[in-house]
Each structure stands twice: as C-alpha cells, then as structure tokens.
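# Structural description and commentary
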Amino acid sequence: MVSLRGHYRGVRKRPWGRYAAEIRHPWKKIGVWLDTFETLEEAALAYDGAVRSLGVSKAKTNFPTTPIIFTAAATGSLWISTSPLTVVGL
C-alpha cells in the first residue's frame, strides 16, 4: 500500500511534473519502462497491472486485489471492483 509520504511502488516524479512508472523484471533482472502519466495514481495502477501480468503471486502492489465496493453518493449506484483497473456497475 501507499507510504505515508504519498509515494507509490514503481513510480517516480519527473522534473517536469509527470509521473514515470517502471518495474524490474523478476527473472531477467532488467528494468522495464511502462510509460509516463499525468497522475500519480495512473502510474501506480500501471505498475500494479505489470506486476500482476508477470504472475508473481507474492509481489507487493500499490492497491489491494480484494474486491472494493464503491457507492455513488448522488445516484446510490453500487460499483464493485476486483482490481483498481476494472470497475463493474450493478
């Protein structure tokens, strides 16, 4: 999860304000450039997606993999997400 300083694993801020996401490949021992993003959270989600796609079961991620339930205050709609990348409306 996120540290108290507001940093995410695999993300760093570029001097011009965008956020870079990168990951170390666990078997090849090389750095893999993911992309630059406008927000810190977008970059953290890219890192998490890359970690999960590698199939590393014990890898540390920035966001939980357990279902998260969101409720839209204005409409009362219920949303369930199994990862930060997919949200399904009910």
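Anything mentioned here points back to the structure above.
The structure contained in this document is the topic of the report that follows. Bear in mind that the values here come from a model prediction, so they are computed numbers and not experimental data. (Residues numbered from 1 in each chain as written. Predicted model: local features only at pLDDT ≥ 70, side-chain atom pairs only at ≥ 80, totals over all residues. Heavy atoms only, no water.)

Let us now look at the pattern of salt bridges. This model, assessed by the stated rule, comprises two salt bridges. For Glu22, the salt bridge goes to Arg12, with nearest N and O atoms at 2.6 Å. In this pair, Glu22 is assigned in strand β2 (residues 19-24) and Arg12 in strand β1 (residues 11-13), connecting sequence segments 10 residues apart. Accessibility expressed as a relative area gives 37% for Arg12, which makes it partly exposed. (Salt bridge = Lys/Arg side-chain N within 4 Å of Asp/Glu carboxyl O. Helix = DSSP H or I, 4+ residues; strand = E, 2+ residues; numbered from the N terminus. Buried < 20%, exposed > 50% of the residue type's maximum accessible area, 1.4 Å probe, protein only.)

Here we come to the nonpolar core. Counting residues in hydrophobic clusters, the biggest one holds nine residues: Tyr8, Val11, Tyr19, Ala21, Phe37, Leu40, Ala43, Ala44 and Phe63. Among the elements of the structure, β2 and α1 (40-53) are those that each provide at least two residues to this core. For this core, the leading source of residues is α1, giving three residues. Excluding its chain neighbours within four sequence positions, the residues that come into contact with Ala44 are Tyr8, Val11, Asn62 and Phe63. (Core = buried A, V, L, I, M, F, W, Y, C linked by side-chain atoms within 4.5 Å. Contact = heavy atoms within 4.5 Å.)

Below, the discussion takes up the packing of aromatic side chains. According to the stated counting rule, one finds one aromatic pair in the structure shown. Measuring from ring centre to ring centre gives 5.4 Å for Tyr8 and Phe63, while their planes differ by 35°; the resulting arrangement is tilted. Taken together, the residues Tyr8 in the segment before β1 and Phe63 in the loop between α1 and β4 (68-71) connect sequence positions 55 residues apart. (Phe/Tyr/Trp six-rings, centres within 6.5 Å; stacked < 30°, edge-to-face > 60°.)

This paragraph deals with the sheet that holds β1. Within the open sheet, the three strands sit side by side as β1-β2-β3. Their pairing is antiparallel. Strands with a single pairing partner mark the edges of an open sheet, and in this sheet they are β1 and β3 (31-37). Put simply, the sheet's adjacent strands are angled 25° from each other on average, direction ignored. Here β2 runs beside β3; their pairing, made up of six bridges, is antiparallel. Bridge pairing in β3 links Ala20 to Thr36. Sitting on the sheet, α1 touches β1, β2 and β3, and the angle it makes with β2 is about 15°. (Pairing = 2+ DSSP bridges. Axes fitted to C-alpha atoms, helices over the stretch in contact; angles between N-to-C directions.)

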